[in-house]
Amino acid sequence: MRAITVLSGGMGGARFLQGLCHGIRTGALPGVAPDATVTVIANTADDLWIHGLKVCPDLDTVMYTLGDGIDLDRGWGRRDETWSVSTELAEYGVEPTWFGLGDRDVATHLVRSQMLDAGYSLSEVTGALCRRWLTPTHGERVRLLPMTDDRVETHVAIADDESPSGRRVVHFQEYWVRLRAGVPAETLVFVGLDDSAPAPGVIDAITDADLVILPPSNPVVSVGTILGVPRVREAMTATRAPVVGLSPIVGGTHVRGMAEQMLTSIGVEVSAAGVGLHYGARTADGILDGWLVDEADAEEVARVEAAGIACRAVPLMMTDHDATAAMAAAAVDLVGGATPRDQV
């Protein structure tokens, strides 16, 4: 295997990518060439404009993580960050105050916003930013693509007794950052998703890959939104590459984030098997050839296999790079011998 494509959200996807790249460098992934390339298709439905700046949380989390600039304690934003700009904005009474912009992080958003205003696409801007972050650390091995250059935003409907309708709709970032996903999500609204187009290179990255991986990212508002971009799901079903995913649910709940809340909002069972069945088998109009669950969920393997998806229980806790590389190796091993799609 020389070309691997990963559909990624933010924290979970970024940490998996660290382990994947570590595994390639150290030769810990049998069957994967030492010069293999990794193309990351990142969710952009979490993006927002704030204080006149375009913020792309998942793109930046992947970029900072792979570029060794992430704040490891928070899992997002820059390491050794300061907050003078956010403090001054709050002193002026400028809303919203719940979304903190670190001083170092602001520089990234300024560059991105200026380039977008100058007429560059988000793909072109991302490529320029990655020349600082990814080229020195990974050379040409890793390429980061936004799922679309179009504006797409996830909004969440929540109960609101003060609203005449009994509910109000907030941007996903307000739900996650200000409300901390602490209130039930009644429904999700993906603004602009149906009318978006895949960013340049996205479809080819899927159809020309030797392996496509769904990391343990949120299956609804991360991987799910990427799959919602027109033509992406079709590319996933048509690619000759095997498609394998890793469960974000361990022992009946998410390890980090809000997968449980999001799955509940769309009526999907919160379990390792539930997410795998939600993605579905490629033999039954789904997208998966293989699915990894944690050892804690070993009893769910048979249920997934009964749906036509190869499944195995392995440790899925990303405790360090070696443990994460072992997860990637298990994913490769599970589908490494899969028959190319056009030979089935």
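Below is a short write-up of the structure. (Residues numbered from 1 in each chain as written. Predicted model: local features only at pLDDT ≥ 70, side-chain atom pairs only at ≥ 80, totals over all residues. Heavy atoms only, no water.)

### A look at the overall build of the protein
For clarity, the cut-off: Note on conventions: DSSP H or I runs of at least 4 residues are helices, E runs of at least 2 residues are strands, and numbering of each starts at the N terminus. Contact between two residues is taken to exist if any of their heavy atoms lie within 4.5 Å; hydrogens are not considered. Computed with the Shrake-Rupley method and a 1.4 Å probe, the accessible areas treat only the protein chains shown as cover for residues.
Assigned secondary structure in the protein consists of 14 helices and 14 strands. Its C-alpha atoms give the protein principal-axis dimensions of roughly 60 × 50 × 35 Å. Taking all contacts inside the protein whose residues are at least 6 apart in sequence as the whole, residues at least 24 apart take part in 70%. Taken as a whole, the protein presents about 14,500 Å² of accessible surface, with 50% of it coming from carbon and sulfur.

### Things to note about the pairing of strand β13 (residues 290-294)
This is how it is decided: With a 1.4 Å probe rolled over the protein chains alone, any residue whose accessible area is under 20% of its type maximum counts as buried; one over 50% counts as exposed, and the rest are partly exposed. Whether two strands pair depends on DSSP finding at least two bridges between them.
Taking burial as the measure, the five residues of β13 include five buried ones, the bulk of the element. Across the two faces of β13 the burial is the same, with Gly290, Leu292 and Asp294 and Trp291 and Val293 all buried. Relative to β13, strand β10 (residues 243-246) runs parallel, the two being bridged by three bridges. Of the residues in β13, the one forming a bridge with Gly245 is Trp291. Two strands pair when backbone bridges link them, and β13 and strand β14 (residues 310-314) are joined in this way by five bridges, in the parallel orientation.

### What to know about the sheet that holds strand β7 (residues 167-171)
Note the cut-off: Orientation is described by axes fitted as lines to C-alpha atoms, over the contacting stretch for helices, and by angles from 0 to 180 degrees between their N-to-C directions.
Ordered by their spatial adjacency, three strands build an open sheet running β7-β6-β8, and the pairing between neighbours is antiparallel. Pairing within the sheet leaves two strands with one partner each, and these edge strands are β7 and β8 (187-191). Pairwise comparison of adjacent strand axes, ignoring direction, gives a mean angle of 30° for this sheet. Bridge analysis of strand β6 (residues 153-159) against β7 gives five bridges, and the strand direction is antiparallel. Its bridge partner being in β7, Ile158 is matched across the sheet by Arg168.

### Description of the nonpolar core
Applicable threshold: We define the nonpolar core as a collection of buried residues of types Ala, Val, Leu, Ile, Met, Phe, Trp, Tyr and Cys that are connected through side-chain atoms lying within 4.5 Å of one another.
Membership of the largest hydrophobic core comes to 55 residues, with the highest contact counts inside it found for Tyr175, Val232, Met236, Tyr279 and Trp291. By size, the runner-up hydrophobic cluster in this structure holds 46 residues, among which are Val62, Cys130, Leu144 and Ala330.

### Considering the environment of Leu122
With respect to the helices, strands and loops of the structure, Leu122 is situated in helix α5 (residues 122-133). Residues Leu122 and Glu153 lie 31 residues apart in sequence; the distance between their C-alpha atoms is 14 Å. For Leu122, the residues in contact, after removing those within four places along its chain, are Thr44, Asp47, Cys56, Leu59, Arg112, Leu116, Pro146, Thr148 and Asp149.

### Comments concerning the environment of Glu81
Assignment of secondary structure puts Glu81 in the loop between α2 (57-66) and α3 (84-91). When the C-alpha atoms of Glu81 and Asp105 are compared, they prove to be 7.9 Å apart, with 24 residues separating the residues in sequence. Sequence-distant contacts of Glu81, defined by excluding residues within four places in its chain, comprise Arg74, Gly102, Asp103, Arg104 and Asp105.

### Description of unusual backbone geometry
Cis peptide bonds are those with omega within 30 degrees of zero, and the linkage from Glu95 to Pro96 qualifies with -5°. As for its placement among the helices and strands, Pro96 is situated in the loop between α3 and α4 (103-117). Residue Asp68 is not a glycine yet carries a positive backbone phi of 60°. With respect to the helices and strands, Asp68 occurs in the loop between α2 and α3.

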